[in-house]
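# Structure assessment
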Amino acid sequence: MYDFLRKVPLFAEMSEDDLGRLCEMVDEVQLAAGEDLFKEGSKGDRAYVIKEGQVEILKEASGRQVLVSVRSSGDVIGEMALLEDAPRSATVRARTDASLLAIHQEQMEQLLASSASAAQAMLHTVLGRWRATTSALRQSEKMAQLGTFTAGIAHELNNPAAAVKRGADQLQGVIGEFSKAQADLSRFELAAAQQTLLDELVEGARASAAQPFILDAVERSDREYDLESWLDDQGVADAWELAPTLVNLGYDTGKLAAWTDVFPPEALPAVVRWLGATYVVHNLLAEINMGAERISGIVKALKTYSYLDQAPVQQVDIHEGLDNTLLILRAKLKNIKVKREYASDLPKISGYGSELNQVWTNLIDNAADALSGAPNPTITLRTQREGDWIAVVVEDNGPGVPPDIQGRVFDPFFTTKPPGKGTGLGLDISYNIIVNKHRGEIKLFSQPGRTAFQVVLPLNFETATTGPTMISPLIQTSDDHLRQILESVHTVAVVGISSKTDRPAYSVPAYLQAHGYRIIPVNPNLEEILGEKSYPDLLSVPDPVDVVLLFRPGDEVMPFVEQAIQTKAKVVWMQETIVNEAAADVARQAGLDVVMDTCMRATHRRLFGSSPS
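Residues numbered from 1 in each chain as written. Predicted model: local features only at pLDDT ≥ 70, side-chain atom pairs only at ≥ 80, totals over all residues. Heavy atoms only, no water.

A separate point is the packing of aromatic side chains. Applying the stated criterion to the full structure yields 2 aromatic pairs. Here the aromatic rings of Tyr352 and Phe461 are separated by 5.5 Å at their centres, their planes lie at 35°, and the arrangement is tilted. Pair noted here: Tyr352 is in the loop between strand 11 (349-351) and helix 12 (353-370) and Phe461 is in the loop between strand 15 (450-458) and helix 15 (479-488), with a separation of 109 residues, a long-range link. Here the two residues Tyr352 and Phe461 agree in accessibility, since each one is buried. Note that Arg88 overlies the ring of Phe38, its terminal NZ or CZ placed 4.0 Å from the centroid. Geometry around Tyr352 places Lys437 over its ring, the cationic atom sitting 3.8 Å from the centre. (Phe/Tyr/Trp six-rings, centres within 6.5 Å; stacked < 30°, edge-to-face > 60°. Helix = DSSP H or I, 4+ residues; strand = E, 2+ residues; numbered from the N terminus. Buried < 20%, exposed > 50% of the residue type's maximum accessible area, 1.4 Å probe, protein only. Lys NZ or Arg CZ within 6 Å of the ring centre and 35° of its normal.)

Attention now goes to helix 19 (residues 600-608). For helix 19, every residue scored as buried is listed here: Met600, Arg601, Thr603, His604 and Leu607. What you see down the axis of helix 19 is that its buried residues fit within an arc of 165°, all on one side. Residues of helix 19 that are buried in the fold lie against helix 15, strand 16 (491-495), helix 16 (504-514), strand 20 (547-550) and strand 21 (571-574). Downstream of helix 19 by one or two residues, Gly609 has phi in the positive range, about 65°. (Arc of directions from axis to C-beta. Contact = heavy atoms within 4.5 Å.)

The phi dihedral of Asn376 is positive, around 45°, even though this residue is not glycine. Tracing the sequence through the fold places Asn376 in the loop between helix 12 and strand 12 (378-386). Although it is not a glycine, Asp597 adopts a positive phi angle of roughly 50°. You can see Asp597 is positioned in the loop between strand 22 (593-595) and helix 19. You can call Asp597 partly exposed: its relative accessible area is 28%.

Set out below in structure tokens:
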């Protein structure tokens, strides 16, 4: 043992007596292949010198063990935890049968105190160990990130590729129907005027395939019923199947009736079936083309992610991009209700269109994943304009994002999903596209039952000189939810209530009181108002409060929101013109409903038809 330790650099310069005493104090440890010497996180109370055999140094990284190095005879291990009196930073496992010499903490301290050469050798050992460990972990992390990124890209490409394949498969069957309809129509000797009309019908079908005719559900149902009845009267077979296609083309019974002046009755069924088949063919071709363009766009986005200055700037139609994304994700959204609340005055913006489409794809895809198993799954797409800025909100009614990870959702490669079920280009890249490339802003607001990503963009990012304008409310509360709030609450604490009858801070609570709500005044300058005792703050109110109605300026809202949370209120309602996004986010994180920039009296009147008292 003496001769062996003398060859180890750490002990080479020790005196004969010191080395002799060390030999008397060390313990010999035997390990079988595959056996752990110690585990990461365990107490570091001994260092070891490998006498014979090999051991592996393993480090936990990204949920798996990474092989940092292999140590063999003459190497010292375990000294870092011993010196720092800290838990083990790695696991040591025998690669082969091994024999080691164990040195206790007290012996190591005596060694370093008495031998300058041993201390110097220890310093070099520790530095080398740190460099090797850091390098191995950095490389491992890069590979883990690359794997996550690749899996996400494969998932992102899968949607448009599946759309192309599905469209092509369906087109094969439809071509047969189209050929049969064409053959049936060709049996009639059509005059020049009739052929001209058919040419016009083909152009209309092609245009409608690219941009379907939009109707609300009730009007669409009525028109389909009318068309089905008219076609039945004309002797057209499968009228129930053709009617929806004709509605998509924008036809009604009046337009079809005009055909009877051009085509003979016996030719009309063939014309209708031929037109329906023509539309379906062009519709599938449009879908295939859209999927191919999206695949090209994804590849282009990957390229521009590395070469950001080479992407072309375009005039981007945000609504068109959202609708195209819905088309690509149609199969995934088939069991999800999608609501479009588009602003009619939303202009085109200057931006990188393909990359913005990747943001919409990512957000909508995430929302769809979040709704798996949720009752009445709904995604709401909302747009609005304020000055030189526009906002796009993608909202879902899923379970929400846990508060402890909301701050990490935009971190590079962060995902709660397993590889292969990632988020496409990821929220980190979405953040880069919106914030760094378009000088906009993207935020997450989430609570159980409502999660919203809001994207704020300038009309022209190249000329934008200031930060994003506050666009409110970030999460608009639906009428159904407002009605639910007003029906379920009873006690309203009014912060900033006024004694001046001409002020909303008096007339609004007076209205609510007249309509059955109990009003609790909160104003340190009043003793009583509306027949109720006034309290200096919410914490002084002795009774439970359902709603905290705020009449204070936006910058004074936060303390009252914190008090509302402490008093276990259910709703924070900021009166019209009052907005504080940070306070609203705090309230939502605590599980409270938040209504901003909304008059409670006007809302009650609108939803329940109440007249003022």
